[in-house]
Amino acid sequence: MSHELSRRQVLKLVSYVSAGTATVGSIPLLSRFFATERANAQATPFIRENIYTFMQSPAKVAALRRGVQVMKSHSADIQTSWAYQANMHGTNSLSLMTAWNTCDHGTFFFFPWHRMYLYYFERILRRASGDPTLALPYWNYSDVEAQRVLPEPFRIPADEVANSLYESDRTGNINVNGGASLPATIVAYASAFRRTNFFHTTTGSSFGGRRVSQTGHASSGKGELERRPHDQVHVSIGGLMGNPVTAAQDPIFWLHHANIDRLWERWLRQGGGRVNPTTDLDWMNDTFTFFDENSNDVQMSGRQVLDTATQLNYMYDDPMSASNNSVASSPSTDISSQRTGTSTPQEISISASEQQVTFVLGDTPLTLTASTQDLLTRRVLVENAIITLNVTGVEYEQENPTSYDIYINLPQGAAPNPHSPYYAGILSLFSLPQKGTFSLDITDVVSDLQRRNLLTGGAISVTFVPPPKKTPQNRKRQGRPNRRRGVVRFSGVTITRE
Ligand code: C2O
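Residues numbered from 1 in each chain as written. Predicted model: local features only at pLDDT ≥ 70, side-chain atom pairs only at ≥ 80, totals over all residues. Heavy atoms only, no water.

(A) Layout of the overall build of the chain. Assigned secondary structure in the chain consists of 14 helices and 14 strands. Counting the 498 residues in the chain, one finds 54% classified as buried. Pairs at least 24 apart in sequence give 74% of the contacts found in the chain among residues at least 6 apart. When the accessible area of the chain is evaluated, it comes to approximately 20,800 Å², of which 53% is carbon and sulfur surface. (Helix = DSSP H or I, 4+ residues; strand = E, 2+ residues; numbered from the N terminus. Buried < 20%, exposed > 50% of the residue type's maximum accessible area, 1.4 Å probe, protein only. Contact = heavy atoms within 4.5 Å. Areas by Shrake-Rupley, 256 points an atom, 1.4 Å probe, with all protein chains shown as cover.)

Next up, the structure:
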């Protein structure tokens, strides 16, 4: 039964009673019904707030901490426990319980699956917190530079016992627990918002992922928003967040995904043909299993999550405001224009070689260079071209994925700096299939380098830089995999223009 349906039933019962026709015998039933449903049936939608607003209220932060704490205190076989919910996303456990390991990545179910997952998690969290008004906050790391810092309640106190929102295992390329901010390149969503198609089929790209008829745990058809900021933020935070198998154990996961869910709404509001695939019967009707706050299993499908306010009773606190990073306000793009020129993709192979070569990423940076062959000699954004970097045949240790930073035209001898214009992002292995292709839209980086005259001389280079060494303290965490660097191999690098 959908939540919308149960809300209507509550309303109907209320008017029945107020009309004075209820028998005495029906009242205990009614109040029991109210006791279980009240928390999710308030008349106006719950408002998911920006965490930087939310955390102004100590009472809200306390409720959030309490809810997480209570969920963490229950064991993994209880559906409403922290561990059970996290295992639904991913787990290494060999004895799988209902709905474990069911997160959807690399297909056009990425957005609806995670929306449903958050919806039921939020209901469980609200119940656990004891605060019937609690709604999940979101972390908007993109639009305001000062908010690229991991919100303070998740870092301080840096003590997992005293602070249920703290997680010591955040060991990506940025020291987020120390208050370092995520690089602008990691959090950018302009490239995703340029896409006007929700899904793509066999090749090409889209906002929301490749069309498939059935859900996929780690498929190869990521949409652009899943690639960035979604995957990039996961691996930049690193540690538990860096691997789908452990990601949902870190409390910041839920705020990251509330933001991804909000960006889906915001993409739709850009207009220009951006719509959900409501004529696609698989997307609309394929069902997924979750658990509600009473541990009842529930099935849900895409058609039930199209409108958060009317179907799921929640909204974001910024539904109509314009965004700084949006396509509409970006000077270099035009949402309504079709791309000019031919649509035949052009390609440079950075690792051109007839024979089979394997590149191995280890403890030292690796730089590959190629001639730009006219492909990047023109102003790419002005021409509405999309430039994509592809790393093919990527192999890595599933237990221990290592995130290499990628730089374009990093000058020889220059220290790699993720806040510099050369930084393109992370070679993200988050839910990347083995031997799959990692792709990243580098249009904005290339365009910026062109503007600064840093892409000249007819050659382009790509440099892979290993992440900073982990501190011993992070390594010997009990019950967590050893965080030594795993080797990453790949067979080639190309840059395409379409
Ligand atoms: Cu299912 Cu952010 O991952």
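There's plenty left to go through after this.
(B) Examining the nonpolar core more closely. Formed by 120 residues in total, the largest nonpolar core has its most connected members in Trp139 and Phe464. With 12 residues, helix H6 (residues 110-129) is the largest single contributor of residues to this core. In this structure Trp139 touches Ile51, Tyr52, Gln147, Arg148, Val149, Leu150, Pro151, Leu182, Ile237, Ile252, Leu255 and Asn259, once residues within four positions along its chain are discounted. (Core = buried A, V, L, I, M, F, W, Y, C linked by side-chain atoms within 4.5 Å.)

(C) View of the sheet that holds strand S10 (residues 423-427). A sheet is described by the order of its strands in space; here four strands give the open sequence S7-S12-S9-S10, paired in antiparallel fashion. Edge positions in the sheet fall to strand S7 (366-371) and S10, since each of these pairs with one other strand and no more. Here the strands of the sheet are splayed against their neighbours by 20° on average, with no regard to which way each runs. With four bridges connecting them, strand S9 (residues 404-408) and S10 associate as antiparallel partners. Counted as the bridge partner of Tyr407 is Tyr423 from S10. (Pairing = 2+ DSSP bridges. Axes fitted to C-alpha atoms, helices over the stretch in contact; angles between N-to-C directions.)

(D) Up close: unusual backbone geometry. The linkage connecting Ile156 with the following residue, Pro157, adopts the cis geometry, with an omega of -5°. Structurally, Pro157 can be placed in the loop between H6 and helix H7 (184-187). Residue Pro229 is bonded to the preceding Arg228 through a cis peptide linkage, with omega at 5°. Secondary-structure assignment places Pro229 in helix H9 (residues 224-237). Phi is positive for Asn384, which is not a glycine, with a value near 55°. Relative to the assigned elements, Asn384 resides in the loop between S7 and strand S8 (387-396). What makes Asn384 buried here is its relative accessible area of 17%.

(E) Representation of the pattern of salt bridges within the structure. For the structure shown, the criterion picks out 23 salt bridges. Taking the shortest distance from any N to any O, the salt bridge between Glu49 and Lys60 comes out at 2.9 Å. Of this pair, Glu49 sits in the loop between strand S1 (46-48) and helix H3 (51-54) while Lys60 sits in helix H4 (residues 58-72), placing them 11 residues apart in sequence. For Glu49, a relative accessible area of 15% gives the class buried. Accessibility expressed as a relative area gives 33% for Lys60, which makes it partly exposed. Residue Asp444 pairs with Arg194 through a salt bridge whose shortest N-O separation is 2.7 Å. Placement of the pair is Asp444 in helix H13 (residues 443-451) and Arg194 in helix H8 (residues 190-194), with a sequence separation of 250 residues. Overall, Asp444 belongs to the partly exposed group, its relative accessible area being 30%. The exposure class of Arg194 is buried, given its relative accessible area of 18%. (Salt bridge = Lys/Arg side-chain N within 4 Å of Asp/Glu carboxyl O.)

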